[in-house]
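What the coordinates show
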Amino acid sequence: GEDDWYYDKHGNPVSLGPLIRRKQQEAKDELLASRKLADCTWSPTPAPAALSVSTFADLSAAIDSSSAGDTVNILGDIAFTSMLTMSGKDLTIQSTIGSVLDGSSLWEGNSFFKIESSSDVTFTGLDISSMSTSQTAAIQVYSSSITL
């Protein structure tokens, strides 16, 4: 206990109390550190996904569920039935086969895409066609950046 003594190499009496208290504190610190590590979880950043679509509904769902850095691969021609809005998105929309985005069914004044709220969107390999002259623009961009 606190009153235990030992003799050092010169024969002098030394109290074990401070040594015991220090060792007890070290043991507590080690236990607390191991508990903190046990409470931590490692969550790696997911790798960007490549989402493949071939219909307007699938394209809309892929854009809505996309995470930063994802790529949406368009695998065929798509007829747009309404404007798709991207808000705060960071993604690439591409086609390696020259897919056509057909806007002949869009309501007057609608665009294919409305991109807003600090989005960063890249479009590659797409053909945007069949817009009426009364439509405002193929892509509306507000406080965002696009790469064509």
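Up top you'll find the structure we're talking about.
Residues numbered from 1 in each chain as written. Predicted model: local features only at pLDDT ≥ 70, side-chain atom pairs only at ≥ 80, totals over all residues. Heavy atoms only, no water.

**A closer look at the side chain of Thr71**
In this structure, Thr71 sits in strand β4 (residues 70-74). When residues no more than four places from it in sequence are discounted, the contact partners of Thr71 are Ala49, Ala50, Leu51, Thr92 and Gln94. (Helix = DSSP H or I, 4+ residues; strand = E, 2+ residues; numbered from the N terminus. Contact = heavy atoms within 4.5 Å.)

**Brief notes about unusual backbone geometry**
With a phi angle near 60°, Ser117 is a residue other than glycine that sits in the positive phi range. Tracing the sequence through the fold places Ser117 in the loop between β9 (113-116) and β10 (120-124). Given the relative accessible area of 41%, Ser117 is considered partly exposed. If you check the backbone angles, Ser118 has positive phi at about 65° while not being a glycine. On the secondary structure map, Ser118 appears in the loop between β9 and β10. (Buried < 20%, exposed > 50% of the residue type's maximum accessible area, 1.4 Å probe, protein only.)

**Topic: the side chain of Gln140**
Assignment of secondary structure puts Gln140 in strand β12 (residues 139-141). Within the structure, the side chain of Gln140 is placed 2.9 Å from the side chain of Tyr142, a separation counted as a polar contact. Other than its neighbours up to four places away in sequence, Gln140 contacts Met83, Gly109, Ser111, Phe113, Lys114 and Ile115. (Polar contact = N/O pair within 3.5 Å; in protein donor to acceptor, adjacent residues only side chain to side chain.)

**Side note on the packing of aromatic side chains**
Applying the stated rule across the entire model yields four aromatic pairs. Plain terms: the ring middles of Phe56 and Phe80 are 5.1 Å apart, the flat faces sit at 70° to each other, and that makes the pair edge-to-face. Highlighted residues: Phe56 in helix α2 (residues 56-65) and Phe80 in the loop between β5 (78-79) and β6 (84-87), separated in sequence by 24 residues. By the burial criterion, Phe56 is buried, and Phe80 matches it. With centroids separated by 4.9 Å and ring planes inclined at 75°, the aromatic side chains of Phe80 and Phe112 adopt a geometry described as edge-to-face. With Phe80 in the loop between β5 and β6 and Phe112 in the loop between β8 (100-102) and β9, this residue pair connects regions lying 32 residues apart in the sequence. Through a chain of ring-to-ring contacts, three or more aromatic side chains come together here, namely Phe56, Phe80, Phe112, Phe113 and Phe123. (Phe/Tyr/Trp six-rings, centres within 6.5 Å; stacked < 30°, edge-to-face > 60°.)

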